[in-house]
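# Working through the structure, step by step
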Amino acid sequence: MSFALLLEQLLNGLQFGLMLFLLSVGVTLIFGVMNLVNISHGSLFMLAAFFTYTAGARWGYGLGLLVGLAGTIAVAVLLEWLVIRHLYRKSHLDQVLGTFGLMLIFNELVRIVWGSEPIFALTPDWLSGSVQLFGTLYYPTYRLAITGVAIIAGIAIWLLLSRTRIGMLVRAGADKRETVESLGVNINFLFAVVFVIGAVLAALAGIMMGPLITVESGIGDPLLILALVVIVVGGAGSIKGCLAASLLVGMIDTLSRALVTADFAGGAGRALSSMSVYLLMLGVLLLRPQGLFTR
Amino acid sequence: MKTTHTVLKCMLAAGLAITSAAQAEIKLGFMAPMSGPLSITGQDLRRGLDLALEHLDGKLGGETVTVVAANDQANPSVATSELSRLIEQENIDVLMGIAASNVALAIAQPATQAGLPVLYTHAGPDALAGKQCAKNLFFIGHQNDQYGDAMGRYMKQEGVKNLYAMGLDYQAGWEMVDAALKSYGGEAKGKVYTPMGQVDFAPELSRVRSSGVDGLYVFYPGSAAVSFVRQFAASGLKNQVQLYSVGALVDPTVISAQGDAAVGVISANTWNAGIENPENQRFLKDFVKEHGREPTTFAAQTYDAVMYLDAALRKAGGAKDRDALIDALRHNDEFKSIRGNFKLNKNHFPIQDMVIQQVEKTDGGYQQKILAKIEGIADNYVDQCEMKWQ
């Protein structure tokens, strides 16, 4: 593999990893603070893409973005109030069943409203095409742009959690929920805020991934599986762990696919490459079940 | 009490009359995946069926037809239990439809045991074309290899020097890639299979770019088709490498989601909107009027299958004599396909003209411009079939 190709593959891995981070940070945050397993997180990712690109096709990209974010936030607030709130004190099994049911409902609703055929996700003109990084290395502008947005979103969430009062409460709630509650903090409100933050990040991921993937019913689900791998590897509830694990999973997945050919080792190579991230997860579960990056 | 009895008797008699009247009709079983991941395909099969029956005024071979629908969910065990319902409770005369290859295989044996004529309109697995061919199983759609075979020949004819091949990692993916490479004749510079559910193709596309090929042949149907084509275009590879595929990559169910990224893609297909015969133009016009977009090849093939059955029923004088019907299905000279030249091989799979088409942008959307026709494509398994009738 030439140096330029290696660099390009590293960029691919970085971009995929950051996208996984945006999707999984919400799940891990919600788990860490509220002890809630949320399987329906991928539905918010899906809804954001549908809202954005339906509105975008009619009123342009900018307004589409607004509708996508606002619509997803509205759904998240309603969802938290109507369903999620009642699951906080239930067992993990109840939570998985409940949110899995939500996922099925959302997938079917999308199929009823938009049909089963995928919809078009537009990209603004100035983001199509590719940029010359150096020499013979060209990289798609859109992929660079979403890498940038993901980095900014990551920094923003870090600032929010480490530098603001609400972030302090969230971190305190994650460590000692009862203490925070006894100090007179409205824990219901705090939980709703965390849920919405998670939804905004999922929405951002859905909006940015839309033009690269297929906007159709159920698109969040395969990515949610990878997000769960990230959470296991990084350690549930840890934001730093989530970032490190996302990048690790993104890199391993990309590089293993970058190296293996169809007939490598009689097809065993390609089986191994698609298993690579799950092997990583297995190793972590066996040797360090609390996650690689937790104290 | 007495009145009740009389009423009951009358009702019974009326019931019997209805049953005997029903026996003079054709009962057509229709099986397709109407829910689950293949439901898009299933829906277009149904649309093809409905439009064909509409064009035939609800009659097959001149007799009134009742359609009994079954949803196989693309699941072989659901399909076999639905099949026994259709045979034992509904007493169907002919079965039509089937989109998934695994379902096609699962129902083949029970249908053959019951002697039920089956017209497969979409699926065409290689096993049923070879050793497991049977006299009651007819394939009006295609054999999977025909697409790859036609495209391989075209790429050779066009002088593609260096070829890279990619496909979805499952049965149809391997078949489509192998068939194309076989008739292309040369070695592929690289060959990659990607797992189902993979959404990001960046690492593979980077490898294609660095391999310096001038042609890329892929097989991606359904939602993978949208993400692949869009990422291929966004990667900038479109200006360096010609993308070749089969019709499913850019069919009408996905092309509006792909948008301009699909323009320029060359694919092989059994059917094309531009095929100029009056039957095809009527089918196209009425389908677009009803559903607001062009039909898929699945719809076209199902439409053709209904017309095929109609012609055979006319010749056999109904469905009651099964041997006569099977004979008429074999020697179906009156049938006019909306595709190009079409006849059945001795394994009951089509020998047909394949279309090589390229996506063009038009005022209102996209169209598939015909670049070439590859005539008389058969399949590679016919020699393994021991059936004799020609």
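All figures in this text were calculated on a predicted structure; none of them were measured in a lab.

## Brief notes about the state of the cysteines
Residue and element names in this part refer to chain B. Throughout the structure, instances matching the rule amount to 1 disulfide over all chains. The partner cysteine of Cys133 in its disulfide is Cys385, sulfur to sulfur 2.1 Å. Its torsion about the S-S bond being 85°, the disulfide of Cys133 and Cys385 is classed as right-handed. Here Cys133, found in the loop between helix H5 (126–129) and strand S6 (137–139), pairs with Cys385, found in the segment after strand S14 (366–377); they are 252 residues apart in sequence, far enough to count as distant. Per residue, the accessibility class of Cys133 equals that of Cys385, and both read buried.

## Some words on empty space enclosed by the protein
Tallied over the entire structure, the rule returns 3 cavities of 30 Å³ or more. If you add up the space inside the largest cavity, you get close to 90 Å³. Contributing elements (two or more residues each) for the lining of the largest cavity: helix H11 (268–287) of chain A together with strand S8 (190–194) and helix H8 (202–211) of chain B. Considering the residues around the second largest cavity, the lining is formed by Glu8, Asn12, Tyr139, Pro140 and Arg143 of chain A together with Ala202, Leu205, Ser206, Arg209, Gln231 and Ser235 of chain B. Mapped onto the lining of the second largest cavity, the elements with two or more residues apiece are helix H1 (3–34) and strand S2 (137–140) of chain A together with H8 of chain B. When residues of the lining of the second largest cavity are assigned to their parent elements, the largest contribution, 4 residues, is made by H8 of chain B. Looking at the lining of the second largest cavity residue by residue, the classes come out as 4 nonpolar, 4 polar and 3 charged.

## Focus on the environment of Gln198 of chain B
Inspection of the secondary structure puts Gln198 of chain B in the loop between S8 and H8. Look at Gln198 of chain B and you get buried, because its relative accessible area is 12%. With 28 residues separating them in the primary sequence, Gln198 of chain B and Tyr170 of chain B have C-alpha atoms 13 Å apart. Not counting residues within four places of it along the chain, the set of residues in contact with Gln198 of chain B comprises Arg257 of chain A together with Glu204 of chain B. Within polar-contact distance, the side chain of Gln198 of chain B engages the side chain of Arg257 of chain A at 3.4 Å. From its side chain, Gln198 of chain B meets the backbone oxygen of Asp200 of chain B in a polar contact 2.9 Å long.

Calculation criteria
- Residues numbered from 1 in each chain as written.
- Chains lettered and ligands numbered in written order.
- Predicted model: local features only at pLDDT ≥ 70, side-chain atom pairs only at ≥ 80, totals over all residues.
- Heavy atoms only, no water.
- Disulfide = S-S within 2.5 Å.
- Helix = DSSP H or I, 4+ residues; strand = E, 2+ residues; numbered from the N terminus.
- Buried < 20%, exposed > 50% of the residue type's maximum accessible area, 1.4 Å probe, protein only.
- 1 Å grid on protein atoms, 1.4 Å probe; cavity = no way out; pocket = protein on both sides within 12 Å on 5 of 7 lines; lining within 4 Å.
- Points joined across faces, edges and corners; volume = space filled by probe spheres on them.
- Nonpolar A, V, L, I, M, F, W, Y, C, P; charged D, E, K, R; others polar.
- Contact = heavy atoms within 4.5 Å.
- Polar contact = N/O pair within 3.5 Å; in protein donor to acceptor, adjacent residues only side chain to side chain.

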